[in-house]
Amino acid sequence: MGNPEEELDAKGIPLKSPYPEKPSVPVLYGVMTLIVGAIGLAIAYVTSYLTEAKQSAADAKISVLSEYDLGWLYLGVFVVKFLQLPIGITLGAARKASKVNVPDQHVYKVMGAEGSKLGYVLMETEGIHGEFNRAQRALQNYNEQFPSIMMQYLAASWVWPFEAFVCIAIFAIASCLSATGYVHSAKGRMKGRFFGYFAVATLQGMVLIAAFKALA
């Protein structure tokens, strides 16, 4: 549901951004990405090289990548995913400045001579229509993430098929939990998300390890 206690300006925009005053969006996103990415890389390394048999199997496959100069492909997969960060920072900074909260993704205005007298047009957040809007946003969140995550999954699966499967399964379950929570409230979208973040970060770690070793 929407927040009935949220204070709005004359045109319906919240007076307060959901982002904290400090730190800045670039610092907030950068630090969180670094921390989650580092943990994911550590998990990827430990689980992927847990035994000598695993290490030998992985190194054999990575040698094939190296033979065909495919380390660059893996590095490219990592770069494409990592450089989503500045795009997210740009959006986050704009959202913070505009004070437009989720699930809203756009701000519309009524055009025409009388339009300037009316408030902005935003998503309905109350009742069944609010639930529908948030359910739709949950689906779009998933669709937006899917291509880059699936690209990482396919790349990681060549070297570590079981470990990559576990990661993608955790991500899928976390996405379902997040979608279910989002229907009830915007804050509910965080339900299960942290597990998904670390699963995806582990896939990213696998891709980076494979790229590094193939290019070394």
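Details of the structure are given in the entry above.
Everything quoted here is computed from the prediction, not taken from an experiment.

**Q** Can you walk me through the nonpolar core in this structure?
**A** One recurring pattern in soluble globular proteins: nonpolar side chains tend to sit buried together. Within the largest apolar cluster, 27 residues are counted, with the highest numbers of intra-cluster contacts made by Tyr74, Val159, Trp160, Leu203, Met206 and Val207. Among the elements of the structure, α2 (52-67), α3 (71-82), α5 (127-159), α6 (161-184) and α7 (193-215) are those that each provide at least two residues to this core. Broken down by element, the residue count for this core peaks at nine residues, all from α7. Among all residues touching Tyr74, those that are not within four sequence positions of it are Leu65, Ala155, Ala156, Trp158, Val159, Val207, Ala210 and Ala211.

**Q** Could you clarify how one ought to interpret the environment of Ile209 in this entry?
**A** Relative to the elements of secondary structure, Ile209 occurs in helix α7. Distance in space between the C-alpha atoms of Ile209 and Gly40 is 11 Å, their sequence separation being 169 residues. In contact with Ile209, other than residues within four places in its own chain, are Leu41, Ala44, Tyr45, Tyr49 and Trp160.

**Q** When you look at a nonpolar patch on the surface in this model, what are you seeing that I'm missing?
**A** Nonpolar side chains collect at one region of the surface, where Val27, Val31, Ile35, Ile39 and Ile43 lie side by side and expose about 370 Å² of accessible area between them. Residue position: Ile35 is located in helix α1 (residues 25-48).

**Q** Is there a simple way to explain the packing of α6 against α7 in this structure?
**A** Two packed helices can be described by the angle between their axes and the distance between those axes. In the contact formed by α6 and α7, the axes pass within 8 Å of each other and the chain directions differ by 150 degrees. Between α6 and α7, the crossing angle belongs to the class labelled roughly antiparallel. Crossing hand, α6 versus α7: left-handed. Contacts between α6 and α7 involve Glu163, Ala164, Cys167, Ile168, Ile170, Phe171, Ala174 and Ser178 on the former and, on the latter, Arg193, Phe195, Gly196, Ala199, Val200, Thr202, Leu203 and Met206. In terms of residue class, the contact of α6 with α7 is built from eleven nonpolar, three polar and two charged.

Calculation notes
Residues numbered from 1 in each chain as written. Predicted model: local features only at pLDDT ≥ 70, side-chain atom pairs only at ≥ 80, totals over all residues. Heavy atoms only, no water. Core = buried A, V, L, I, M, F, W, Y, C linked by side-chain atoms within 4.5 Å. Buried < 20%, exposed > 50% of the residue type's maximum accessible area, 1.4 Å probe, protein only. Helix = DSSP H or I, 4+ residues; strand = E, 2+ residues; numbered from the N terminus. Contact = heavy atoms within 4.5 Å. Patch = residues over 30% accessible without salt bridge, like charges linked within 9 Å, V, L, I, M, F, W, Y side chains within 5 Å. Areas by Shrake-Rupley, 256 points an atom, 1.4 Å probe, with all protein chains shown as cover. Salt bridge = Lys/Arg side-chain N within 4 Å of Asp/Glu carboxyl O. Axes fitted to C-alpha atoms, helices over the stretch in contact; angles between N-to-C directions. Parallel < 35°, antiparallel > 145°, perpendicular 65-115°, else oblique. Left-handed = near helix turned anticlockwise from the far one by under 90°. Nonpolar A, V, L, I, M, F, W, Y, C, P; charged D, E, K, R; others polar.

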